[in-house]
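# Breakdown of the fold
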Amino acid sequence: MTVVATALLGVGIAAGAALLVITGSRALQAAVDSGALQSAREVAALVDSKRLPDPVPQGGEGTAAIQVVDADNKVRAASSGTDRLVPVLSPDQIAAVRSGRRLVVSGSLLGLSGPLRVVGVPAGQPDDPQTVIVAVDFGGAKSGSRVLMIGLAIGAPLLLGVVAVAMWWVTGRALRPVEQLRRGALAISGSGRLPLPPAQDEIRRLAETLNDMLARLDAAGARQRAFVSDAAHELRSPLASARTQLEVAAAVDAGTPAGELAADVLIDVERLGRLVDDLLLLARLDEAPRRPRVPLDLYALAEDVVGRYAAARVPVTLDPCEDDCTVLAEAGAIRRVLVNLVDNAVRHARSRVLVTVAPRTLTVADDGPGIPAADRERVFDRFTRLEADRGRQSGGAGLGLAIVRELVAAHGGTVTLGDASPGLVVTAHFPDPPKNPTRTRAPRTATTP
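Residues numbered from 1 in each chain as written. Predicted model: local features only at pLDDT ≥ 70, side-chain atom pairs only at ≥ 80, totals over all residues. Heavy atoms only, no water.

### A short note on the overall build of the chain
This is how it is decided: Secondary structure elements are defined from DSSP: runs of H or I of at least 4 residues count as helices, runs of E of at least 2 residues count as strands, and each element is numbered from the N terminus. Each radius of gyration is computed over the set of C-alpha atoms, and the globule rule expresses the reference value as 2.2 Å times the number of residues to the power 0.38. A 1.4 Å probe rolled over the protein chains alone gives each residue an accessible area, and that area as a share of the maximum for its type sets the label: buried under 20%, exposed over 50%, partly exposed in between. Here, residues are in contact when the closest pair of their heavy atoms is within 4.5 Å. We get accessible surface area from the Shrake-Rupley algorithm with a probe of 1.4 Å; when it comes to residues, only the shown protein chains can shield them. Positive charge is attributed to Lys and Arg, negative charge to Asp and Glu, and no charge count is given to His or to the chain ends. In this description, the location of a charge corresponds to atom NZ of lysine, CZ of arginine, CG of aspartate or CD of glutamate.
Secondary structure summary: the chain contains eight helices and twelve strands in total. Computed over its C-alpha atoms, the radius of gyration of the chain comes to 49 Å, more than 25% above the 22 Å expected for a compact globule of 449 residues. The principal-axis extents of the C-alpha atoms in the chain amount to approximately 155 × 50 × 45 Å. The proportion of buried residues among the 449 residues of the chain is 36%. Within the chain, residue pairs in contact and separated by at least 24 positions form 60% of the contacts whose partners lie at least 6 positions apart. Looking at the chain as shown, the accessible area adds up to about 25,300 Å², and 59% of this sits on carbon and sulfur atoms. Here the chain holds 50 positive side-chain charges and 49 negative ones, and the gap between their average locations is 4 Å.

### Considerations on unusual backbone geometry
Between D54 and P55 the backbone carries a cis peptide bond, its omega angle lying at 5 degrees. Considering the arrangement of structural elements, one finds P55 in the loop between α1 (2-48) and β1 (63-70). Across the junction of S421 and P422, the peptide omega takes the value -5 degrees, indicating a cis bond. Inspection of the secondary structure assignment puts P422 in the loop between β11 (414-419) and β12 (424-429). The phi torsion at K50 lies on the positive side, around 55 degrees, for a residue other than glycine.

### Brief notes about the pairing of β1
In the case of a regular strand, side chains alternate between the two sheet surfaces. This is how it is decided: The pairing criterion is simple: DSSP has to find at least two bridges between the two strands.
Most of β1 is tucked away, with seven of its eight residues classed as buried. Pairing of β1 with strand β5 (residues 130-137), which is carried by seven bridges, proceeds in the antiparallel orientation. Of the residues in β5, the one forming a bridge with Q67 is I133. The sheet contact formed by β1 and strand β2 (residues 75-78) spans three bridges and is antiparallel.

### Considering a nonpolar patch on the surface
Under the convention used in this document: Residues with no salt bridge and a relative accessible area higher than 30% make up the patches, which join like charges within 9 Å and nonpolar side chains (Val, Leu, Ile, Met, Phe, Trp, Tyr) within 5 Å. Whenever a carboxyl oxygen of Asp or Glu lies within 4 Å of a side-chain nitrogen of Lys or Arg, that contact is scored as a salt bridge.
Taken together, the side chains of M1, L175 and V178 define a hydrophobic patch exposed on the protein surface, amounting to about 320 Å² of accessible area. Take M1: it is sitting in the segment before α1.

### A look at the sheet that holds β12
Going by this rule: Angular values range over 0 to 180 degrees, each being the angle between N-to-C directions of two axes fitted as lines to C-alpha atoms, with helices fitted over their stretch in contact.
An order of β7-β9-β10-β12-β11 is seen for the five strands of this open sheet, with the pairing classed as mixed. Two strands close off the open sheet at either side, each with one partner strand: β7 (316-318) and β11. Neighbour to neighbour, the strand axes of the sheet diverge by 15 degrees on average, direction disregarded. Pairing of β7 with strand β9 (residues 353-358), which is carried by three bridges, proceeds in the parallel orientation. Bridge pairing in β9 places V316 opposite V353. Of the strands in this sheet, β7, β9 and β10 (361-366) touch helix α6 (residues 298-306), which is tilted by about 160 degrees from β7. Across the sheet, helix α8 (residues 400-410) lies against β11 and β12, angled at about 135 degrees from β11, the strand it touches most.

### Quick word on the sheet that holds β5
Spatial ordering of the open sheet is given by β2-β1-β5-β4-β3, a layout of five strands whose pairing is antiparallel. Single-partner strands in this sheet number two, and they are β2 and β3 (103-106). Averaged over neighbouring strand pairs, the angle between their axes works out to 30 degrees when direction is ignored. Of the pairings in the sheet, the one linking strand β4 (residues 115-123) to β5 comprises eight bridges and is antiparallel in character. Each residue of the ladder has a partner; that of G120, found in β5, is I133. Running over the sheet, α1 touches β1, β4 and β5 and is turned about 35 degrees from β4.

### Topic: the environment of L296
With respect to the helices and strands, the residue L296 is situated in strand β6 (residues 294-297). Distance in space between the C-alpha atoms of L296 and I334 is 9.3 Å, their sequence separation being 38 residues. Apart from residues lying up to four places away in sequence, L296 is in contact with L301, C325, T326, V327, A329, E330, A331 and I334.

### Points about helix α2 (residues 91-98)
Condition: Working definition: the arc comes from the directions between the helix axis and the C-beta atoms, pointing outward to the latter.
Along α2, the residues classified as buried are I94, A96 and V97. With its buried residues spanning 160 degrees around the axis, α2 presents them on a single face. The exposed set on the far side of α2, more than 90 degrees from its buried face, consists of P91 and D92. In this structure, the buried residues of α2 make contact with β1, β3, β4 and β5.

### Thoughts on the environment of A250
Position of A250 among the secondary structure elements: in helix α4 (residues 202-252). Note: C-alpha distance between A250 and L261 (eleven residues apart in sequence) is 7.8 Å. With residues near it in sequence (within four places) discarded, A250 still touches G259, A262 and A263.

Here's what the structure looks like:
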């Protein structure tokens, strides 16, 4: 807005300055011509009345020379200090002023430095026509025009700059409430409201309307999260009871059709229990996305988690870490991240799973079939399961990676998928922890349960 308005104003000022220079120059020139013509007419009146003195009166201020020439361009009379033998103009110039033209000639003709304005007025009787030539100093008018141009050349940009700064300031003050609304909207991550401008204007009414909308959205989200949380809580008890009864039935009736049926149903109940736990965790994440964080040693946590996979289908190995791998995180959340990643890796790996911990980085790699590049972003969506991961024994609910991304994002980090050649590598990046130069770390060795 300021640039466009300043550009338009600049065009207007430039046009006004040009018009002022032209008008001022013409006004000064007209003033000089008026004075010269007045002097010429006074001398012509003396010629007509045959009362012309010798020398010719000098005329008004600024008059440089006055000559009276006849039809043969001979000087009949002249003012004091003017050549009485040679006309100040050439024959062509004398013919021009006789026709009514007004000339600007060099002042060197009279020994002056500036330009001269020359006019001519007819005089004398018809049988003896004469011409009164008056030359006046034209340097003052030229200087006046030059001063006006210089003044406008300096003053117009300064005026334009002052107006631009004032317009920028006024526009900024007018849009400051909008910027405050933008910052308020940027700061809202969960429940929150936009700041209300103090002025009772359209922007305040807009902020109030948006706050009403946010309140409605918060209420709808709260109802949805409460429903998910309540449903998960209510499902836990009957699922725990059913799981206990099925485990007893499978143990008592082992080897019988009833025992096989109980064991088969127990698998589905366990999957349903994991699904309920995942839904409850997601509901809690949606309700409070920011997690409390304390300094946490990623390597120590990884050692503890990897140690629980001693009886896994494939060996799970932890690479040594020589650096300080402390991050700001919640231990329970990062443990869940690592467990989900290792569970997925063990489920799909052919022969091994490798866990690597580096500063601010946690990596889990397997040598399984991997995930196609086109599906690596889609698998982070909730309840997304690829075709190869839909079995009852190996397939999950499609919430594992979604929970991983939510938990890492709640700590300000990111999760990426890549090729392990063969297999899949999942990398979780965390923000920088606070600096502690006195902290030392003992060398770590590889751990394989």
